[in-house]
Amino acid sequence: MAGQDYEEMADPAAVRRHPTLFRTIKQRRNPRLRRSDITVTDDAAVKRAVKAAALGNAMEWYDFGIYSYMAGTIGKVFFPGGSGTTQLLLTFATFAISFLVRPLGSVILGPLGDKLGRQRVLALTMLMMAFGTFFIGVLPSYDAIGLWAPALLILLRLVQGFSTGGEYGGASTFIAEYAPDKRRGFFGSFLEFGTLAGYVGAAGLVTLLTVTLGDSGLQGWGWRLPYLLAGPLGLIGLYLRLKLDETPAFQKLSAENVRVRASEAADTVETTAKGDLRKIFSNYWRPLVLCVALVAAYNITDYMLLSYMPTYLSDELGYGTTHGLLILLGVMVAMMLLINQIGRLNDRYGRKPLLLGGMLGFLVLSIPAFLMIREGNIFLIIIGLAMLGLSLVCLLGTMSAALPALFPTQVRYGGLSIGYNVSTSIFGGTTPLVITALIDVGGTNLMPAYYATAAAIVGVIAVLCMKETAQQPLEGSPPSVATPEEAAELAHEQAQEPRF
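The residue count restarts for each chain, going from 1 along the sequence in the order it is written. Reporting of local features is limited, given that this is a predicted model, to residues whose pLDDT is at least 70; pairs of side-chain atoms are given and counted only at 80 or more, and all residues count toward the totals for whole chains, interfaces and linings. Note: side-chain values were computed over all heavy atoms of the structure, leaving out hydrogens and water.

So, about the overall build of the chain. Counting from the N terminus, the helices are DSSP H or I runs at least four residues long and the strands are E runs at least two residues long. When helices and strands are tallied, the chain shows 25 helices and 2 strands. Type-normalised accessible area, obtained with a 1.4 Å probe on protein chains alone, sets the label of each residue: buried when under 20%, exposed when over 50%, and partly exposed for intermediate values. Taking all 500 residues of the chain together, the buried fraction comes to 54%. Taking the intrachain contacts of the chain between residues at least 6 apart in sequence as the baseline, contacts between residues at least 24 apart amount to 84%. To be clear on the numbers: accessible area is Shrake-Rupley with a 1.4 Å probe, and residue cover counts the displayed protein chains and nothing else. Total accessible area on the chain is roughly 21000 Å²; 64% of this is exposed by carbon and sulfur atoms. Residue contacts follow a heavy-atom distance rule, with two residues in contact if any of their heavy atoms lie within 4.5 Å.

So this is what it looks like as structure tokens:
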């Protein structure tokens with residue numbers, strides 16, 4: 001069993017009788033580090049990797065934000081004829097459909113990222129996402145081509161969903177494998193900075209268009225502009241990703257696999273980076289289950305606050321759409337200012353305390369926050385959203401460093417992509433649809449608070465079950481440090497002391 005201490009598996013009496021033998025076995029299984037084993041990161045390369053990964057993530061969430069914030073308009077353009085609630089349900093159903101194909105994308109693109117490399121697959125996902133988003137902007141409306149309009153919308157949403165299946169797992173893996181061990185949380189937080197930037201860009205643009213064009217102008221042609229903007233943004237992201245080198249961890253793993261295959265010294269099923277599904281589901285099902293639970297709790301709260309909240313304020317509470325977006329915009333900008341500090345904190349104090357703080361925040365504060373929000377008073381709405389935003393930023397600033405550490409290098413892209421997207425498909429993308437339906441059935445607009453509380457309970461249990469990984473090398477990868485001096489110091493600490 002890889003990674004398990006041999007002495008724990010052996011008979012204790014045998015260990016006592018043959019201490020030298022078992023010490024030798026242990027040393028061979030865990031050899032001392034040499035200076036050449038330690039990766040010294042290139043600061044400029046790390047920053048390029050972070051920039052390219054974060055931009056792609058921003059692109060993904062920009063699209064989801066645009067679709068969510070213009071849900072009412074999209075419903076009128078592509079699903080006319082029904083009541084307002086029916087149009088909203090159909091719009092959010094189309095939103096959820098793209099998430100149903102995400103596991104398929106993760107099953108195909110994730111293992112490809114473990115076999116062919118992170119950089120190539122990330123360039124492909126960027127291209128597909130930009131293509132899908134741009135062409136939504138040129139779709140004819142229902143009035144122009146009838147049922148073909150929603151059918152083509154669904155098709156393009158499926159393209160987006162498939163590409164997203166390989167996006168988050170690859171982007172977070174890319175940053176995690178580039179970053180030095182002691183700063184993985186800080187650099188990883190930029191991935192979710194991109195998430196917030198995408199949402200802020202979407203909310204700001206929709207607010208601007210609503211104010212300048214009005215509902216009629218927005219429904220007539222203005223809704224297309226945010227989607228058309230995705231074309232040039234996607235080309236910039238693709239250029240940045242094509243200019244990147246492969247991650248140091250993947251390069252070392254590939255080099256090791258070449259040597260292993262050449263010498264036939266080990267079982268290639270265990271040492272190559274194939275990342276096949278059988279290996280992920282049979283050997284790594286425990287971290288896979290943990291990943292699904294963490295992502296479920298994190299995404300339900302994320303989509304509830306950042307995607308669904310403007311619709312909740314306007315449709316359920318009768319609050320002005322523009323006012324609701326402006327308030328949420330302010331909350332998200334505040335979260336952007338905090339998120340990198342959260343990354344620094346989880347590097348210093350650990351991933352688990354920050355994740356636990358965020359989960360407990362939703363567990364304790366969700367119901368009080370929604371009680372404030374539904375009062376309709378702008379001051380109380382801001383306080384309620386700030387309570388939820390502070391809890392969410394603890395998760396956002398930590399999760400992108402915690403999740404890649406659940407899996408070893410040879411299956412990291414595939415395992416994380418599958419776990420993340422299966423969970424997101426079931427729990428994340430369906431959140432607006434489920435909450436809308438629960439409010440309709442339950443007759444209370446506190447349903448979002450109950451749903452977030454239930455998700456937080458799952459999240460607390462999952463965090464308590466995970467291992468602390470802050471300031472530690474990724475499993476299956478050599479230690480990664482920021483300077484040659486740190487590498488020399490680490491190698492010296494690991495040097496075997498002579499026996500006399």
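To continue, consider the nonpolar core. Within the largest apolar cluster, 118 residues are counted, with the highest numbers of intra-cluster contacts made by Tyr69, Phe78, Leu294, Met309, Met332, Leu388 and Leu403. The element contributing the most residues to this core is helix α18 (residues 285–316), with 16 residues. Discounting chain neighbours no more than four positions away, the residues touching Phe78 are Leu139, Pro140, Tyr142, Ala149, Pro150, Leu153 and Trp223. What makes a nonpolar core is a set of buried Ala, Val, Leu, Ile, Met, Phe, Trp, Tyr and Cys residues whose side-chain atoms join them at distances within 4.5 Å. The next biggest cluster of nonpolar side chains, apart from the first, holds 7 residues, and it includes Met59, Ala123, Met129 and Leu238.

Relative to the assigned elements, Asp347 resides in helix α19 (residues 321–349). Among the polar contacts listed, one links the side chain of Asp347 to the backbone nitrogen of Gly185, at a separation of 2.8 Å. Among all residues touching Asp347, those that are not within four sequence positions of it are Lys182, Arg183, Arg184, Gly185, Phe186, Ala470 and Gln471. Think of a polar contact as two N or O atoms within 3.5 Å of one another; within protein, one of them needs to be a possible hydrogen donor and the other a possible acceptor, and neighboring residues in sequence only count if both atoms come from side chains.

In a regular helix each residue adds 1.5 Å, so 12 residues correspond to 16 Å; helix α23 (residues 431–442) covers 16 Å between its end C-alpha atoms and thus fits that length. Those residues of α23 that fall on the buried side of the exposure criterion are Thr431, Pro432, Ile435, Thr436 and Ile439. For α23, the angular spread of buried residues about the axis comes to 130°, placing them on one side. Counted as exposed and oriented over 90 degrees from the buried face of α23: Asp440 and Val441. Just past α23, the residue Gly443 takes up positive phi, approximately 75°. Any helix carries an expected span of 1.5 Å times its number of residues minus one. Here the arc refers to the set of directions running from the helix axis out to each C-beta atom.

In this analysis, rings of Phe, Tyr and Trp, with Trp reduced to its six-membered ring, are considered paired at centre separations within 6.5 Å, and the interplanar angle assigns stacked below 30 degrees, edge-to-face beyond 60, and tilted for intermediate values. Going through the model one piece at a time under the given rule, you end up with 11 aromatic pairs. Geometrically, the ring pair formed by Phe190 and Phe193 is tilted, given 6.2 Å between the ring centres and 55° between the ring planes. Of this pair, Phe190 and Phe193 both sit in helix α12 (residues 184–222), 3 residues apart, which is roughly one turn of that helix. Seen in terms of ring centroids, Tyr312 and Phe370 are 5.4 Å apart; in terms of plane orientation they differ by 80°. Their pairing is edge-to-face. Of this pair, Tyr312 sits in helix α18 while Phe370 sits in helix α20 (residues 351–373), and the two are 58 residues apart along the sequence. Taken together, Phe186, Phe187, Phe190 and Phe193 form an aromatic cluster joined through their ring pairs.

Moving on: the confidence of the model for the chain. Scored by pLDDT, the chain has a mean of 81; 84% of the residues are at 70 or more. Element-level mean pLDDT values for the chain span from 40 in helix α16 (residues 268–271) up to 95 in α20. Counting interchain partners and residues more than four positions distant, the pLDDT-below-50 stretch residues 259–275 has 29 contacts. You can read pLDDT as the predictor saying how much it trusts each residue, on a scale of 0 to 100.

Glancing now at the pattern of salt bridges. When a carboxyl oxygen of Asp or Glu is within 4 Å of a side-chain nitrogen of Lys or Arg, the pair counts as a salt bridge. The final tally for this structure, using the stated rule, is 7 salt bridges. Between Lys47 and Asp43 there is a salt bridge, and its shortest N-O distance comes to 3.2 Å. Placement of both Lys47 and Asp43 in helix α4 (residues 43–69) is noted, with a separation of 4 residues, approximately one turn of the helix. Of the charged contacts, one joins Glu177 and Arg412 as a salt bridge, the two residues approaching to 2.7 Å between their closest N and O atoms. Highlighted residues: Glu177 in helix α11 (residues 167–178) and Arg412 in helix α22 (residues 412–428), separated in sequence by 235 residues. Using a relative accessible area of 0% as the deciding quantity, one classes Arg412 as buried. Residues joined in a network through salt bridges with shared partners are Asp114, Arg118, Glu177 and Arg412.

Looking now at helix α24 (residues 447–465). For an α-helix the count is 3.6 residues per turn, leaving residues at separations of three or four pointing the same way. For α24, spanning 19 residues, the distance from its first C-alpha to its last is 28 Å, which sits close to the expected 27 Å at 1.5 Å a residue. Restricting attention to buried positions, one finds in α24 the residues Met447, Pro448, Ala449, Tyr451, Ala452, Thr453, Ala455, Ala456, Gly459, Val460, Ala462 and Val463.

As a further point, take the side chain of Ser417. You can see Ser417 is positioned in helix α22. Only 2.7 Å separates the side chain of Ser417 from the backbone oxygen of Tyr413, close enough to count as a polar contact. Those residues within four positions of Ser417 in sequence are excluded, and the remaining contacts are Ser106, Gly110, Gly165, Gly166, Gly169, Gly170 and Arg412.

With respect to the element layout, Arg344 can be found in helix α19. For Arg344, a relative accessible area of 41% corresponds to the partly exposed category.

Relative to the elements of secondary structure, Leu325 occurs in helix α19. Separated by 12 residues in sequence, Leu325 and Leu313 have C-alpha atoms that sit 9.0 Å apart. Excluding residues within four positions of it along the chain, Leu325 makes contact with Tyr69, Ala203, Val206, Thr207 and Pro310.

To continue, consider the packing of helix α8 (residues 118–136) against helix α10 (residues 148–164). Direction vectors running N to C along α8 and α10 enclose 160°, while the axes themselves pass 8 Å from each other. When the interaxial angle is binned, α8 and α10 end up roughly antiparallel. Between α8 and α10 lies a crossing whose hand is left-handed. Every residue of α10 that contacts α8 at Thr125, Met128, Met129, Phe131, Gly132, Thr133, Phe135 and Ile136 is listed here: Leu153, Leu156, Arg157, Val159, Gln160, Phe162, Ser163 and Thr164. Taken together, the residues of the contact of α8 with α10 break down into 9 nonpolar, 6 polar and 1 charged. Angles shown run from 0 to 180 degrees and are taken between the N-to-C directions of axes, each axis being a line fitted to C-alpha atoms and, for helices, limited to the stretch in contact. Roughly parallel means an angle under 35 degrees; roughly antiparallel, over 145; roughly perpendicular, 65 to 115; everything else is oblique. Handedness of a crossing is defined here by the sense of rotation of the near helix relative to the far one, left-handed for an anticlockwise turn of less than a right angle and right-handed for a clockwise turn. Under the grouping applied here, Gly and all other residues not named as nonpolar or charged are polar, the nonpolar ones being Ala, Val, Leu, Ile, Met, Phe, Trp, Tyr, Cys and Pro and the charged ones Asp, Glu, Lys and Arg.

A contiguous nonpolar surface patch, about 310 Å² in accessible area, is contributed by Leu104, Ile108, Leu112 and Leu116. In this fold, Ile108 is placed in helix α7 (residues 102–115). Patches in this entry comprise residues that are over 30% relatively accessible and not in a salt bridge; like charges within 9 Å are linked, as are nonpolar side chains (Val, Leu, Ile, Met, Phe, Trp, Tyr) within 5 Å.

Glancing now at the packing of α11 against α12. One way to put it is that α11 packs onto α12 with a least axis distance of 9 Å and a crossing angle of 150°. Here α11 lies roughly antiparallel to α12, going by the angle between them. Seen along the crossing, α11 lies across α12 with a hand that is right-handed. Contacts from Tyr168, Ala171, Ser172, Ile175 and Ala176 in α11 reach Arg184, Phe187, Gly188, Leu191 and Glu192 in α12. For the contact of α11 with α12, a count of residues per class yields 6 nonpolar, 2 polar and 2 charged.

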